[in-house]
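Survey of secondary and tertiary structure
Each chain, written out:
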Amino acid sequence: MSTADLAATRRTSRLALHDRVALVLALVAAAGSFGAFLSIAPNRLADGRPLTLWNVGLSQTAIVLALLVLVFMAAFIGDRTWRSGALFASGAGLLISMLLIAGTAAAAQLDPQEPARRIALGSAFWILFSVGVLACFQGLQHAARIWKALLSLALAAALIAIAASGELNSLSLAREFHAQRATFPTELLRHIGLVAAAVVVASFCAIPLVLAAVYRSGARSAIFTTLNLLQTIPSIALFGLLIAPLSFVAAHVSLAREIGIGGIGAAPALIALVLYGLLPLVRSADAGLRNVPANVQEAARGMGMNAQEIFWKVDLPLALPALVSGLRVVTVQSIGLAIVAALIGAGGLGTFVFQGIGEYALDLVLVGALPTILLAVAADALFQIVIANVRSRP
Amino acid sequence: MIEFDAVEKFYAGQRVLGPLSLSIPQGALCVLVGPSGCGKSTTLKMINALITPDAGSIRINAQPVASHPAEELRRGIGYVIQSGGLFPHWRVRDNIATVPRLLHWEKARVAARINEVAEIAAIHRALLDRFPHQLSGGQQQRVGVARALAADPDIILMDEPFGALDPVTRAALQKELARLHHNTGKTIVLVTHDMDEALALGTTIVVMRKGEIAQSGTPAEILAAPRSDFVRDFVGGADAAMKLLEFRKVREVLRGGAESCDHSIRTHDTLRSALTEMMTTGRSILTVQNESGAIVGSIHVEDIVGASKR
């Protein structure tokens with residue numbers, strides 16, 4: 001054995017930290033697990049009494065402890081494949097066990113004597129659940145694209161199956177959701193519809209602005225100054241600002257009134273979302289089109305392409321990844337902003353959020369907020385897949 | 001035949017080019033050479049109307065350039081730029097097919113032509129389905145040349161085509177360009193700032209300075225009789241005498257009478273190789289043979305020295 005081999009053996013045989021993120025996750029989870037896992041309140045308004053994870057039951061404690069130790073140990077595994085596998089397994093285990101433990105523990109806390117009792121999820125649940133999500137991401141980081149897709153889908157299916165099985169029905173979040181089940185699909189669809197309409201309208205409005213910014217040098221600074229200014233208006237203020245002019249239009253133009261334009265409702269919400277969407281769209285398309293290399297454009301001209309041919313065959317395909325990433329930013333941003341639209345009667349998932357705030361029912365807020373987060377994450381993932389494909393097949 | 005007639009170009013009221021008159025004969029490999037900012041690229045780009053002159057006219061085969069729609073004109077002229085300028089989102093195959101497709105050739109004809117020019121430009125078949133970023137600089141430049149040749153234009157314009165390549169690749173591609181020019185007889189106009197490249201490639205050299213022609217002629221003419229100090233310095237000052245030997249043949253300074261000597265050289269060899277032969281063998285006189293090997297006379301070192309002075 002050469003000295004180099006010996007050195008290598010010594011290096012690998014010694015305990016070494018290979019994944020700082022896993023270590024941090026394990027420590028955060030360990031610290032967070034001492035907080036309230038469930039909060040049990042006699043009714044919706046009263047403050048809850050905390051129940052920690054370590055008081056739920058012996059077998060539950062053992063499972064969570066084992067999973068946390070696995071995350072901790074994963075940080076010290078040298079082989080990347082094994083480390084990733086251990087992280088994903090422990091992350092997925094945390095997600096599933098958190099749901100199941102919370103569901104059974106909540107069911108055990110139900111008391112027929114106290115029908116108004118609310119059992120809400122506490123900080124320990126959210127911290128450990130988040131650690132589970134992050135451990136899964138970290139574990140999948142180096143996996144092939146197909147494995148990433150398959151494992152995430154399988155995990156998502158498992159979590160949805162648990163939620164659908166009724167295991168979680170004792171939790172106040174599930175009860176709030178249950179109470180809203182009649183309106184939830186409508187509001188979800190309204191939310192998605194509002195976002196989709198805003199992205200489509202903003203894209204069409206962006207086209208002339210982009211063309212002017214890129215190909216008419218004089219218009220560029222005026223366009224960007226205006227769009228930047230729009231972006232600085234707080235969203236609630238913009239919704240408010242639109243009420244007066246749109247009420248005026250609705251009052252004086254009967255056609256506008258008939259198609260649903262008014263000071264409140266979907267019209268001002270759509271207009272505001274479109275206005276906010278313009279800057280990211282125009283900025284990314286502008287960057288994409290202006291970054292087409294000068295020598296490529298010169299070659300296109302020198303080959304005898306006319307202005308239209310250069311745009312369609314050279315500029316647009318080369319700018320496509322930038323265009324799609326602009327769409328991604330606008331979609332994710334609109335999904336979040338559309339929450340506020342509920343304030344002016346446009347509906348959507350924001351309805352639950354504001355109703356929950358008004359009723360001091362945090363679980364009802366979550367009924368609106370959690371699906372919004374999931375929508376944003378899903379849209380983001382979808383666009384990432386599209387961008388990766390646009391890049392690899394130019 | 002490409003003719004420039006009193007062509008001028010102004011930028012912000014300043015004349016940056018001309019008045020420039022120049023005629024490039026059919027089949028020439030004309031090199032426009034000069035320091036940066038001398039107007040050589042501007043001159044080149046006026047031929048395919050990428051830049052329009054402010055005064056004067058340019059004619060190709062007696063047809064004024066301005067009388068054609070610019071796109072139509074450019075599709076009939078090959079164009080090669082520095083670092084290839086290949087379309088990064090198209091495979092090599094599609095890059096080569098650019099102009100034939102703009103001209104709406106039939107699919108089968110385009111496919112056949114891609115293979116043809118790939119062979120001419122020495123591009124391996126396996127490279128045709130790659131993307132430009134997967135090729136080396138030299139390979140990219142070959143594709144640039146193949147793309148320019150694709151629609152079989154009579155004229156090819158090359159703007160610093162070898163400027164971004166390493167010396168070894170550059171020399172190889174220069175050699176291939178010379179061969180291509182010799183085999184096809186196309187008119188090639190090439191821009192470079194490298195005088196050695198101009199001397200190695202050009203059948204005609206146009207030395208430019210500050211938007212004007214400092215001197216034009218064959219490499220030998222410019223080396224033997226630089227018209228100004230600028231041209232003399234640009235062609236390499238004292239070194240020009242050595243370079244000139246490259247363009248003179250043994251037969252030009254041949255002495256009659258058969259002086260017998262055990263080292264010989266042929267009539268069509270350059271004076272430079274004669275001098276090299278003398279230096280390696282230590283002789284001051286060599287026997288000269290004609291192409292069929294018969295002794296036709298001798299060459300003396302003092303005649304070579306004399307030739308380099310003219």
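Residues numbered from 1 in each chain as written. Chains lettered and ligands numbered in written order. Predicted model: local features only at pLDDT ≥ 70, side-chain atom pairs only at ≥ 80, totals over all residues. Heavy atoms only, no water.

Considerations on the overall build of chain A
When helices and strands are counted, chain A shows 16 helices and three strands. Its C-alpha atoms put chain A at 75 × 75 × 30 Å along the principal axes. Counting across all 394 residues of chain A, residues that qualify as buried make up 42%. Of the contacts made within chain A by residues no fewer than 6 positions apart, 75% connect residues no fewer than 24 positions apart. Here chain A contributes 25 positively and 17 negatively charged side chains, and the mean placements of these two sets differ by 8 Å. (Helix = DSSP H or I, 4+ residues; strand = E, 2+ residues; numbered from the N terminus. Buried < 20%, exposed > 50% of the residue type's maximum accessible area, 1.4 Å probe, protein only. Contact = heavy atoms within 4.5 Å. Lys, Arg positive; Asp, Glu negative; His and termini not counted. Charge placed at Lys NZ, Arg CZ, Asp CG, Glu CD.)

Some remarks on the pairing of strand β7 (residues 155-159) of chain B
All names here are of chain B. The buried count for β7 comes to five of five residues, which makes it a mostly enclosed element. By the alternation rule, side chains of β7 split into Ile155, Leu157 and Asp159 and Ile156 and Met158, which are all buried. Here strand β6 (residues 77-81) pairs with β7 via five bridges, running parallel. Within the sheet, the bridge partner assigned to Gly78 lies in β7 and is Ile156. Following the backbone out of β7, through helix α7 (residues 167-184) and into the adjacent parallel strand β8 (residues 187-192), one traces a crossover that is right-handed. (Pairing = 2+ DSSP bridges. Right-handed = clockwise from strand over helix to strand, strands pointing away.)

Notes on the sheet that holds strand β13 (residues 295-300) of chain B
Residue and element names in this part refer to chain B. Judged by pairing direction, the sheet is mixed, and its three strands sit side by side in the order β11-β12-β13 without closing on themselves. The sheet is open, and its two edges are formed by β11 (264-266) and β13, each paired on a single side. Sheet twist, expressed as the mean angle between neighbouring strand axes with direction ignored, is 35 degrees. The sheet contact formed by strand β12 (residues 285-289) and β13 spans five bridges and is antiparallel. Its bridge partner lying in β13, Thr287 is registered against Ser298. (Axes fitted to C-alpha atoms, helices over the stretch in contact; angles between N-to-C directions.)

Some points on the domain arrangement of chain A
All names here are of chain A. Partitioning chain A into structural domains gives domain 1 (12-173) and domain 2 (184-392). Counting residues at the interface gives seven residues for domain 1 and 10 residues for domain 2. For the pair domain 1 and domain 2, the two sides together bury roughly 770 Å², of which 56% comes from carbon and sulfur. Taken as a group, Arg44, Arg145 and Leu173 account for 61% of the area that domain 1 buries against domain 2, more than any other trio of residues on that side. In this assembly, domain 1 and domain 2 are joined by zero salt bridges. Our count for the domain 1 to domain 2 interface comes out at one residue pair in polar contact (both at pLDDT 80 or more). (Domains from an automatic or database assignment. Buried area = accessible area lost by both parts, 1.4 Å probe. Salt bridge = Lys/Arg side-chain N within 4 Å of Asp/Glu carboxyl O. Polar contact = N/O pair within 3.5 Å; in protein donor to acceptor, adjacent residues only side chain to side chain.)

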